[in-house]
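# Secondary and tertiary structure notes
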Amino acid sequence: MFWKFDLHTSSQLEALLEKDDVTLTELMEEEDVLQECKAQNRRLLVFLSQDTCMQELLHLITTEPPAGLEETKRFKHPNIACELLTSDVGVINDKLGGEKPLLDILYSFLEQPPPLNPLLASFFSKTIGNLITRKTEQVISFLRGKEGFLGLVLKHINTSAMMDLLLRLISCVDPAPLRQDTLNWLNEERLAQRLIELIHPGKDKERQSNASQTVCDIIRLSRDQANQLQENSEADPLLAVLESQECVSQLLDNMFVGESTESCIVYGTQVLLTLLEIRRPGVEGVLDVCVLGYERCVVSSILQAVQPHLKHYHQLLLDPPRRTPMLTSLGVLEVPLGNCRLHVARLMASLLQTTNTSYYTCFDDTIYNNTVTLELCRLQTINLLLDLFFKYTWNNFLHFQVELCVAAILSHSAQEERPQVGLVIQERPLVPLEDIPQASFVAQEKSMFPQEENPQGSLLTQEKPRLQQEPQEKQALPGPKPPLPSVPPDISTHNPLVTHLFQDCRLVQRILEAWEENDKTQAEGGMRRGYMGHLTRIANTVVCNMEKGPVRTQISNLITELPKDCRGRWESFVDQALTETNRKNTVDLVSHNLRSSSEDDDRQSPFPKELSLQQTFSDYQIQQMTANFVDQFGFNDDEFSENGDNISATFDRIKEINFNVDTEDTAKTAAFEACTKEKIQLFDDSEEEDIWEEREINYTTHTKSRTRFGGHRRLLDRLRVMG
């Protein structure tokens, strides 16, 4: 290596440091100043740690550079200053984190009026974030002493660097007691509530977006850290607030009470989706919800807050925010689906995956029936999502979410985990009669959703209904203890949402109609519809759950109740069209790897038939290159003697090679003899070859070997092997 020979030239930086009047600007113009700083050049660090230099570095990253400079050079020195301050050198960290006047200069950046320069904000966030990690106690104490610190950060939340600063305070504070103390301080400052207040139609989009993203990151980080900490550790107060029903209700009120905007609905829904992420990855993209203790109660609080606002989400599917026509590769889309309706579909899929874990959730130590799915049935939201599925033929983002909805309804996998009948509940205040579930899900379903045929068949073709409040007659139950809802004996085989899917939403009929229309379109030379892949998966989900799903009996009964012609079409579709499609989807993807060698020998063999013996002999030559080749290669000590007679003993290990040679076929015999003459050459014993001699290497079909051993003995051994 070149440094072993002392070829490293002396740096110009050293010459500058020799000068008494050297300036920080001169040093920052040197290319290796950052490298020397990280290498802890003593003289450089002494210079940089001076008060005047530290103050100048801080002013560079907190003060807007002059506007007259060339744009490529305008932020050159601020960038180098930031790199020097965050080079993770102990001398600089101690100087900056231990002196309050320097921290005041850094903090003054937050006191500037908005908007902040995004690049300078990133320099500031990186510098103070490094101090939070390296000089945690000093910096946290300094920030807590600054009244209004959190208000200033939220004031500039439209700059993404402020998000990073907040997350540093939550995730990069150690040890655990100091971290818990910091979280309690942030909770006392109402960080969670103030972030939720920023997701409001009255705020600008950038502020809403960053506040939403910050809340989502806090939820994920807090849950990850909670899983890593010990069981006896204190709960995260920020996470507890964000998961509370009051906080979720406040978020939903901001989204729907008063004037609603698309941005507020989208960013608020992203927070709800993150709150519902208490689950593990499952099969085929469907997420399996964790239903143990604390997590189950968290889901319950979220569902209790979301349920009253499901009607607003349903209305968004019917009447979304207006969007301009969109030009696509298939023409102009007059009414695009839009980001708002796509997020509604995502939320519905997440709710169904969550609520279908169990009909029961724990809330205030009382077992309640989960009314979210029943409300979705009453609103016909699933039916509307299916309408959109077939209307927006090419929107696979929507198709995937609808597929998840259907899969979640049919894979009602946690029915066995429902509570036992007879649990003792605590006393609670009188509640309205309609809030208590009926004794039978069947009776409740029939009373809420009478089976009426829909002649139009699609909610999208009907006049958009106004949101109507159901008349409620408040009738208090007599006595202080209302009866516990009973569980019907057939609940494991009856799910009202499954009934709704097959009867009200006409899932089977829609699959058949869409499939037949696609076949007709393709037969006429048209394009295959974009939802056919997802429709195939939905059909397979129905078949799979009818055969071995947790509600297979109910699905079978519902299909049996279909009209005779529809039932016959479905059976034919499953046996023929669906089976053939599955076969193609399985075989075509791997057909090139599943061909048997016996089928392809004659068709794809690179050797003519008359040269098959040549291929056999080639296989013989390489058959010794196996896993134990290293053990077989070379000679043992006892194989050598003074006269060297045993030097070829290794070749005697190969006893025989068996293959049939038809001596009556003269063409094959001649090919074999030509092959052996080509592969086995006589060895020349005239002289020993110089292995170091430089010579041209020619790649030919003939094999030339070095004559290290007796050529005649090798030839005799090979002929003996061949018999």
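Let me begin by describing the structure that accompanies this report.

Rules used throughout
- Residues numbered from 1 in each chain as written.
- Predicted model: local features only at pLDDT ≥ 70, side-chain atom pairs only at ≥ 80, totals over all residues.
- Heavy atoms only, no water.
- Buried < 20%, exposed > 50% of the residue type's maximum accessible area, 1.4 Å probe, protein only.
- Helix = DSSP H or I, 4+ residues; strand = E, 2+ residues; numbered from the N terminus.
- Axes fitted to C-alpha atoms, helices over the stretch in contact; angles between N-to-C directions.
- Parallel < 35°, antiparallel > 145°, perpendicular 65-115°, else oblique.
- Contact = heavy atoms within 4.5 Å.
- Nonpolar A, V, L, I, M, F, W, Y, C, P; charged D, E, K, R; others polar.
- Core = buried A, V, L, I, M, F, W, Y, C linked by side-chain atoms within 4.5 Å.
- Patch = residues over 30% accessible without salt bridge, like charges linked within 9 Å, V, L, I, M, F, W, Y side chains within 5 Å.
- Areas by Shrake-Rupley, 256 points an atom, 1.4 Å probe, with all protein chains shown as cover.
- Salt bridge = Lys/Arg side-chain N within 4 Å of Asp/Glu carboxyl O.
- Phe/Tyr/Trp six-rings, centres within 6.5 Å; stacked < 30°, edge-to-face > 60°.

## A closer look at helix α23 (residues 372–379)
- With respect to burial, α23 is a largely interior element, seven of its eight residues being buried.
- For α23, the full list of buried residues reads Val-372, Thr-373, Leu-374, Glu-375, Leu-376, Cys-377 and Leu-379.
- Once α23 ends, the next one or two residues include Gln-380, with phi positive near 65°.

## A word on the packing of helix α8 (residues 90–98) against helix α9 (residues 100–107)
- One can describe the packing of α8 onto α9 by two numbers: an axis separation of 5 Å at closest approach and a directional angle of 80°. Classified by the interaxial angle, the pair formed by α8 and α9 is roughly perpendicular. Together, Lys-95, Leu-96, Gly-97 and Gly-98 of α8 and Lys-100, Leu-102 and Leu-103 of α9 make up the contact between the two elements.
- Of the residues contributing to the contact of α8 with α9, the split by class is three nonpolar, two polar and two charged.

## What about the nonpolar core?
- Counting 162 residues, the largest nonpolar core has Leu-191, Tyr-313, Met-348, Leu-501, Phe-502 and Trp-570 as its most contacted members.
- Of all the elements, helix α22 (residues 338–355) adds the most residues to this core, at nine residues.
- Residue contacts for Trp-570: discarding those within four places in its chain leaves Val-508, Ile-511, Leu-512, Ala-539, Val-542, Val-543, Met-546 and Ile-559.

## Some points on a nonpolar patch on the surface
- A surface patch of nonpolar side chains, amounting to about 330 Å² of accessible area, comprises Leu-330, Trp-394 and Met-527.
- With respect to the element layout, Met-527 can be found in the loop between α28 (507–523) and α29 (532–548).
- Relative accessible area serves as the criterion here: at 52%, Met-527 is assigned to the exposed category.

## Some points on the packing of aromatic side chains
- Under the counting rule described, the total for this entry stands at ten aromatic pairs.
- When the centroid spacing of 6.1 Å and the interplanar angle of 15° are considered together, the rings of Phe-149 and Trp-185 count as stacked. Of the two residues, Phe-149 is situated in helix α12 (residues 149–155) and Trp-185 in helix α14 (residues 176–188); the sequence distance between them amounts to 36 residues.
- Three or more aromatic residues link up through ring pairs in this structure, and these residues are Tyr-107, Phe-142, Phe-149 and Trp-185.

Everything listed is a geometric property; what it means functionally is a separate question.
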